[in-house]
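So the chains spell out like this:
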Amino acid sequence: MKHKFNIIRIPLIIINILTSLYIVISINKLNIIPTKYYIIGLIILIAINIIAIILLLLKNIIFKIIGILLSIILITLSVIGLKYVNNTNEFLDKSFNNNVIEISTYNLIVLKNSKYSDIKDIENKKLGYLNNSNEALNKLNENVKTENFEYEDIFDLYDDLINKKTEAIIIDESYLDVIKDERKDIDKKIKVIYSFNQEFVIENNNEESELVRPINIYISGSDSRSNNIQNKSRSDVNMIVSINPNTNKILLTSIPRDYYVQVHGQTGLKDKLTHSGIYGLDVSTATIEDLFDIKIDYSIKLGFNAVVEVVDLVNGIDIYSDKTFNSYHIKGWTVPEGMNHFNGKQALAYSRERYAYSSGDRHRIQNQQQVLEAVFKKIISDKKILLKYDELLTSLNNLYRTDIPKAVITAFVKEQLENGDTWTFESQWVNGKGASLNTHTSPKYKRYVMLPNEDEVEKASNKIKELINK
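Residues numbered from 1 in each chain as written. Predicted model: local features only at pLDDT ≥ 70, side-chain atom pairs only at ≥ 80, totals over all residues. Heavy atoms only, no water.

> Looking at this model, I keep getting lost on the overall build of the protein chain. Mind explaining?
Summing up its helical and strand segments, the protein chain has 15 helices and 19 strands in all. Principal-axis analysis of the C-alpha atoms places the extent of the protein chain at approximately 95 × 55 × 45 Å. On the protein chain, roughly 23,000 Å² of surface is accessible, and the fraction owed to carbon and sulfur atoms is 55%. Separation between the mean location of the 57 positive side-chain charges and that of the 58 negative ones in the protein chain comes to 6 Å. (Helix = DSSP H or I, 4+ residues; strand = E, 2+ residues; numbered from the N terminus. Areas by Shrake-Rupley, 256 points an atom, 1.4 Å probe, with all protein chains shown as cover. Lys, Arg positive; Asp, Glu negative; His and termini not counted. Charge placed at Lys NZ, Arg CZ, Asp CG, Glu CD.)

> I keep staring at the nonpolar core and nothing clicks. Help me out?
The biggest cluster of nonpolar side chains holds 24 residues, and the ones touching the most others in it are Ile217, Val241, Ile243, Ile250 and Ile404. Elements represented by at least two residues in this core include exactly helix H3 (61–95), strand E6 (215–222), strand E7 (235–244), strand E8 (249–255), strand E11 (298–302) and helix H14 (406–419). The dominant element in this core, judged by the number of residues it contributes, is H14, at four residues. Membership of the second largest hydrophobic core comes to 21 residues, among which are Phe155, Ile171, Leu176 and Ile190. (Core = buried A, V, L, I, M, F, W, Y, C linked by side-chain atoms within 4.5 Å. Buried < 20%, exposed > 50% of the residue type's maximum accessible area, 1.4 Å probe, protein only.)

> Quick question: what am I supposed to make of the sheet that holds strand E16 (residues 400–402) here?
Two modes of strand pairing occur in sheets, parallel and antiparallel, and in both the strands are linked by backbone hydrogen bonds. As summarised here, the arrangement of the six strands in space is E16-E11-E6-E7-E8-E17, forming an open sheet in which the pairing is mixed. This sheet does not close on itself; its edge strands, each paired only once, are E16 and strand E17 (424–429). This sheet shows a mean twist of 20 degrees between the axes of neighbouring strands, independent of strand direction. Looking at chain direction, E7 and E8 are connected through seven bridges and run antiparallel. Each residue of the ladder has a partner; that of Ser242, found in E8, is Leu251. Its contacts with the sheet place helix H15 (residues 454–468) against E6, E7, E8 and E17, and it is angled at close to 35 degrees to E7. (Pairing = 2+ DSSP bridges. Axes fitted to C-alpha atoms, helices over the stretch in contact; angles between N-to-C directions. Contact = heavy atoms within 4.5 Å.)

> Just checking my understanding: could you explain the pattern of salt bridges for this structure?
A side chain of one charge can pair with a side chain of the opposite charge when the charged atoms of the two come close. Going through the model one piece at a time under the given rule, you end up with 15 salt bridges. Of the charged contacts in the structure, one is a salt bridge between Lys180 and Asp187, with a shortest N-O distance of 3.7 Å. A salt bridge links Lys377 to Glu373; the nearest nitrogen and oxygen atoms lie 2.8 Å apart. Residue Lys377 and its partner Glu373 are located together in helix H11 (residues 361–381), separated by four residues, close to a single helical turn. Three or more residues joined by partner-sharing salt bridges are found here, namely Asp236, Arg257, Asp258 and Lys272. (Salt bridge = Lys/Arg side-chain N within 4 Å of Asp/Glu carboxyl O.)

> Any chance you could explain the packing of helix H5 (residues 154–162) against helix H6 (residues 173–182) here in plain terms?
To characterise two packed helices, one gives the angle between the axes of the helices and the distance between these axes. Axis separation between H5 and H6 bottoms out at 10 Å; the angle between their running directions is 75 degrees. Classified by the interaxial angle, the pair formed by H5 and H6 is roughly perpendicular. On H6, the residues that touch Ile154, Phe155 and Tyr158 of H5 are Tyr175, Val178, Ile179 and Glu182. Split by residue class, the contact of H5 with H6 holds six nonpolar, no polar and one charged. (Parallel < 35°, antiparallel > 145°, perpendicular 65-115°, else oblique. Nonpolar A, V, L, I, M, F, W, Y, C, P; charged D, E, K, R; others polar.)

> Just to check I follow, could you spell out unusual backbone geometry for this structure?
Of note in the backbone geometry, Asp293 takes a positive phi value of approximately 55 degrees without being a glycine. Within the secondary structure, Asp293 is located in the loop between helix H8 (281–292) and E11. For Asp293, a relative accessible area of 56% translates into the label exposed. Backbone geometry at Asn315 places phi at a positive 65 degrees, although glycine is not the residue there.

> I would appreciate a short explanation of H14 in the present structure.
Along an α-helix, a turn takes 3.6 residues, which lines up residues three or four apart on a common side. Taking 1.5 Å of rise per residue, the 14 residues of H14 would be expected to cover 20 Å, and the 20 Å separating its terminal C-alpha atoms lies within 8% of that figure. Every buried residue of H14 is listed here: Lys406, Val408, Thr410, Ala411, Phe412, Val413, Lys414, Gln416 and Leu417. Immediately downstream of H14, the backbone of Gly420 shows phi near 55 degrees, a positive value. (Expected span 1.5 Å × (residues − 1).)

> Where do I start with the environment of Ile65 in this structure?
Within the secondary structure layout, Ile65 lies in helix H3. With ten residues separating them along the chain, Ile65 and Leu55 place their C-alpha atoms 8.2 Å apart.

> Would you take a moment to explain a nonpolar patch on the surface for this structure?
Judged by side-chain polarity, Ile46, Ile50, Ile54, Leu58, Ile62, Phe63 and Ile66 come together as a nonpolar surface patch covering roughly 610 Å² of accessible area. If you trace the backbone, Ile62 turns up in helix H3. Note on Ile62: relative accessible area 54%, which makes it exposed. (Patch = residues over 30% accessible without salt bridge, like charges linked within 9 Å, V, L, I, M, F, W, Y side chains within 5 Å.)

> Whenever I open this one, the packing of aromatic side chains confuses me. Can you help?
Remark: the centre distance and the inter-plane angle together describe each pair of aromatic rings, the angle taken between the planes. This structure, assessed with the given rule, holds nine aromatic pairs. Look at Trp333 and Phe342: their rings are 5.5 Å apart centre to centre, the planes differ by 75 degrees, and that puts the pair in the edge-to-face class. What links up through ring pairs into an aromatic cluster is the set Phe325, Trp333, Phe342, Tyr350 and Tyr357. One cation-aromatic arrangement involves Arg352 over Phe304; the distance from NZ or CZ to the ring centre is 4.6 Å. One cation-aromatic arrangement involves Arg447 over Phe155; the distance from NZ or CZ to the ring centre is 3.9 Å. (Phe/Tyr/Trp six-rings, centres within 6.5 Å; stacked < 30°, edge-to-face > 60°. Lys NZ or Arg CZ within 6 Å of the ring centre and 35° of its normal.)

> Sorry, what's going on with the side chain of Glu373 here?
Its relative accessible area of 18% is what places Glu373 among the buried residues. The contacts of Glu373, once residues within four sequence positions are left out, are Leu252, Phe425 and Ser427.

> Help me out: how do you make sense of the side chain of Asn89 in this one?
Within the secondary structure, Asn89 sits in helix H3. A polar atom in the side chain of Asn89 sits 3.2 Å from the side chain of Lys406. Setting aside residues no more than four positions away along its own chain, Asn89 makes contact with Ser26, Lys29, Leu30 and Lys406. (Polar contact = N/O pair within 3.5 Å; in protein donor to acceptor, adjacent residues only side chain to side chain.)

> Sorry, what's going on with the sheet that holds strand E2 (residues 126–130) here?
Taken in spatial order, the five strands line up as E3-E2-E4-E1-E5 in an open sheet, and their pairing is mixed. The open sheet terminates on both sides in strands that have one partner only, identified here as strand E3 (147–151) and strand E5 (190–201). Neighbour-to-neighbour, the strand axes of this sheet turn through a mean angle of 25 degrees, independent of strand direction. For strand E1 (residues 101–111) and strand E4 (residues 168–172), the ladder comprises four bridges, and the chain directions are antiparallel. Along E4, the bridge assignment pairs Asn107 with Ile171. In the packing of H6 onto the sheet, contacts are made with E1, E2, E4 and E5, and the angle to E4 comes to roughly 105 degrees.

Right, here's the structure in full:
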């Protein structure tokens with residue numbers, strides 16, 4: 001019996017030490033456990049290891065049995081912990097700095113009542129395309145040869161198809177969404193007979209020198225209902241989140257989607273801010289930087305479904321409504337004046353509501369800020385939610401894209417878990433004057449835009465800079 005104990009005790013000691021050492025290194029690499037808890041856990045782990053080793057080395061059989069059981073329990077817990085830590089690390093590696101690919105989906109479109117149903121049906125037929133779609137046209141022409149006509153204006157492109165001046169058009173799906181805003185009956189008139197994607201690699205060169213520092217994050221709310229948020233799409237929600245961990249202040253700055261701005265990298269006419277998203281998240285980000293004369297450190301692109309998921313994962317949010325109204329987006333649902341508890345679907349409907357208010361989009365911006373602030377407050381005030389952030393982000397899956405590095409997120413979560421700071425929120429938004437002007441996406445036709453109030457933009461910019469520089 002003693003001989004058998006002697007055979008297993010040395011391997012147990014070695015395995016115990018190795019698994020304990022491995023989990024200590026892995027947790028340290030994860031860098032999310034507050035320092036004081038990490039040290040306490042390290043001391044407890046070392047103490048249990050020492051006790052187990054001493055018990056295994058004693059001559060008394062009872063003590064040896066207890067030492068074996070203690071070692072087996074410790075090894076089992078270490079293996080379970082390692083699995084969780086490694087899974088979390090692997091998940092975080094995939095979930096942050098994941099803005100590496102931008103996808104453009106191109107559709108080959110014909111009239112709904114036409115005889116064409118396959119790409120080969122348009123061989124040698126008249127095809128319209130936009131002047132910035134040459135690469136997509138070349139890819140299409142690898143499969144079929146067409147007589148190509150170049151267009152500058154998306155509405156000319158569409159109208160010539162409807163009027164049978166061309167027999168097909170090829171167009172980026174995000175541009176098609178712009179046309180649908182103006183031509184409500186479009187789905188009754190056209191059909192897609194072929195689609196393909198073009199991928200563009202985005203280089204992110206974000207610095208991680210000082211992880212917990214004042215930062216500006218640009219949030220772009222995509223109007224796409226697709227679960228693939230990598231696709232280029234309009235930016236219906238545009239918000240700057242300025243965070244200063246030194247003063248524990250967060251400033252939310254919202255910009256109307258119709259703001260008439262110079263899209264970064266584009267020449268000629270200005271365009272609606274929402275259309276900057278057609279060119280990619282990096283272009284939207286740079287356009288915001290140009291407008292406010294600030295540096296955007298990181299950006300996040302979210303789809304509508306992300307709002308529903310995140311609100312439900314934090315078990316709903318509490319929102320004060322300044323009036324009673326019937327929701328436009330949830331038929332039969334009335335929002336009463338006063339404090340309300342919203343689930344994900346209700347929070348999304350509330351953040352999209354504009355028809356209930358005389359100020360329309362201006363009030364919708366305030367609602368969006370309310371929802372975002374409520375979510376932030378729920379997350380940072382509840383350590384249980386902070387600790388299950390991996391579950392939260394797993395549920396969001398492809399519903400967001402960001403260039404925020406993993407190390408920045410873990411550092412902020414660690415800081416909040418350690419100090420449990422209370423944050424102060426402020427909100428601001430910029431206004432403008434409605435006008436009807438030609439735009440970059442539609443140079444021949446006038447569209448509704450909002451001319452920026454330059455004084456308000458400068459005031460908002462100064463407030464952002466003041467918060468960041470404190």
